[in-house]
Amino acid sequence: MDMPSVNRTETPWMIVALHRPPFCSNPRDGIDKELAQTWHPLFVKYEFDFVMTGHVHYYERMCAVENNTACSTTRDRPIYIADGTAGAEFSPASGTPKDAITEYKDFSKWGYSRFFVTDESLNFTHYHVDNSVADSVALPRKRHRK
């Protein structure tokens, strides 16, 4: 896809899925840092709304990331969510505490996630395997520069 040519009136939401998370509260390796340095600036430049990842075997919702250690005070950056709770055993390091970019973290129960998109909002919900709601966030549609 040629990002500069996307008509945001016709395509109001930009969502990307990656396997590895560019941001999470677990100790990060070189690949994750490289993903953050390479992809995050493009996601910001082209005004992506949401980045869904897996890889880590727990659930974590990050803020609209300003940089590796801080949240944006405006929603001009994408929200990042890592959800690997339907996979293998939980990651040993997943019990690590939240950090400055973590909004919600759950590493003790299996689960799954769903999102529902309308013209005006993106509604994301993470469920535990018993169908109870563990976390949810509603993102209002951004009004884009283009």
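Conventions used here
- Residues numbered from 1 in each chain as written.
- Predicted model: local features only at pLDDT ≥ 70, side-chain atom pairs only at ≥ 80, totals over all residues.
- Heavy atoms only, no water.
- pLDDT = per-residue confidence, 0-100.
- Helix = DSSP H or I, 4+ residues; strand = E, 2+ residues; numbered from the N terminus.
- Core = buried A, V, L, I, M, F, W, Y, C linked by side-chain atoms within 4.5 Å.
- Buried < 20%, exposed > 50% of the residue type's maximum accessible area, 1.4 Å probe, protein only.
- Contact = heavy atoms within 4.5 Å.
- Disulfide = S-S within 2.5 Å.
- Salt bridge = Lys/Arg side-chain N within 4 Å of Asp/Glu carboxyl O.
- Phe/Tyr/Trp six-rings, centres within 6.5 Å; stacked < 30°, edge-to-face > 60°.
- Pairing = 2+ DSSP bridges.
- Axes fitted to C-alpha atoms, helices over the stretch in contact; angles between N-to-C directions.

K.L.:
Run through the confidence of the model for the protein, naming residues and quoting values.
P.N.:
The predicted model of the protein averages 84 in pLDDT, with 88% of residues at 70 or higher. The least confident element of the protein is strand S4 (residues 70-71), whose mean pLDDT is 82; the most confident is strand S8 (residues 121-128), at 94.

K.L.:
Could you give an account of the nonpolar core, with specific residues and numbers?
P.N.:
If you look at the biggest cluster of nonpolar residues, it comprises 15 residues, and the most contacted ones within it are Met-3, Phe-23, Phe-43, Phe-48, Val-65, Tyr-80 and Ile-101. Listed by contribution, the elements that provide at least two residues to this core are helix H1 (30-45) and strand S3 (59-67). Here this core takes 3 residues from S3, the largest share from any one element. When sequence neighbours within four positions are dropped, the list of residues in contact with Phe-43 reads Val-16, Leu-18, Phe-48, Val-51, Pro-78 and Tyr-80. In terms of nonpolar packing, the next biggest core, distinct from the first, is built from 11 residues, Met-52, Ala-64, Leu-122 and Phe-124 among them.

K.L.:
Give a detailed account of the state of the cysteines, specifying residues and quantitative values.
P.N.:
Applying the stated criterion across every chain, the model contains 1 disulfide. What pairs with Cys-63 in a disulfide is Cys-71, and their sulfur atoms sit 2.2 Å apart. Disulfide Cys-63-Cys-71: torsion about the S-S bond near -95°, hence left-handed.

K.L.:
How would you summarise the pattern of salt bridges if you had to cite specific residues and measurements?
P.N.:
Summed over all chains, the structure comprises 5 salt bridges. A salt bridge links Glu-103 to Arg-61, with the shortest nitrogen-to-oxygen separation between them at 3.9 Å. Of this pair, Glu-103 sits in strand S6 (residues 102-106) while Arg-61 is found in strand S3, placing the two residues 42 residues apart along the sequence. Under the relative-accessibility criterion, Arg-61 is labelled buried at 11%. Each of Arg-61, Glu-103 and Asp-135 takes part in salt bridges that share partners, so that together they form one network.

K.L.:
Outline the packing of aromatic side chains, listing residues and values.
P.N.:
Evaluated as defined, the whole model comprises 9 aromatic pairs. On the numbers, 5.0 Å between centres and 15° between planes, the contact of Tyr-112 with Tyr-127 is stacked. Of this pair, Tyr-112 sits in strand S7 (residues 111-117) while Tyr-127 sits in strand S8, and the two are 15 residues apart along the sequence. Assessed through its relative accessible area of 25%, Tyr-112 is described here as partly exposed. For Tyr-127, a relative accessible area of 17% translates into the label buried.

K.L.:
Go over the sheet that holds S8 with me, naming the residues and quoting the values.
P.N.:
With antiparallel pairing, 3 strands are arranged side by side in an open sheet as S7-S8-S9. Here the strands that pair on one side only, and so sit at the sheet edges, are S7 and strand S9 (133-140). Between one strand axis and the next, the sheet turns by 10° as a mean value, whatever way the strands run.

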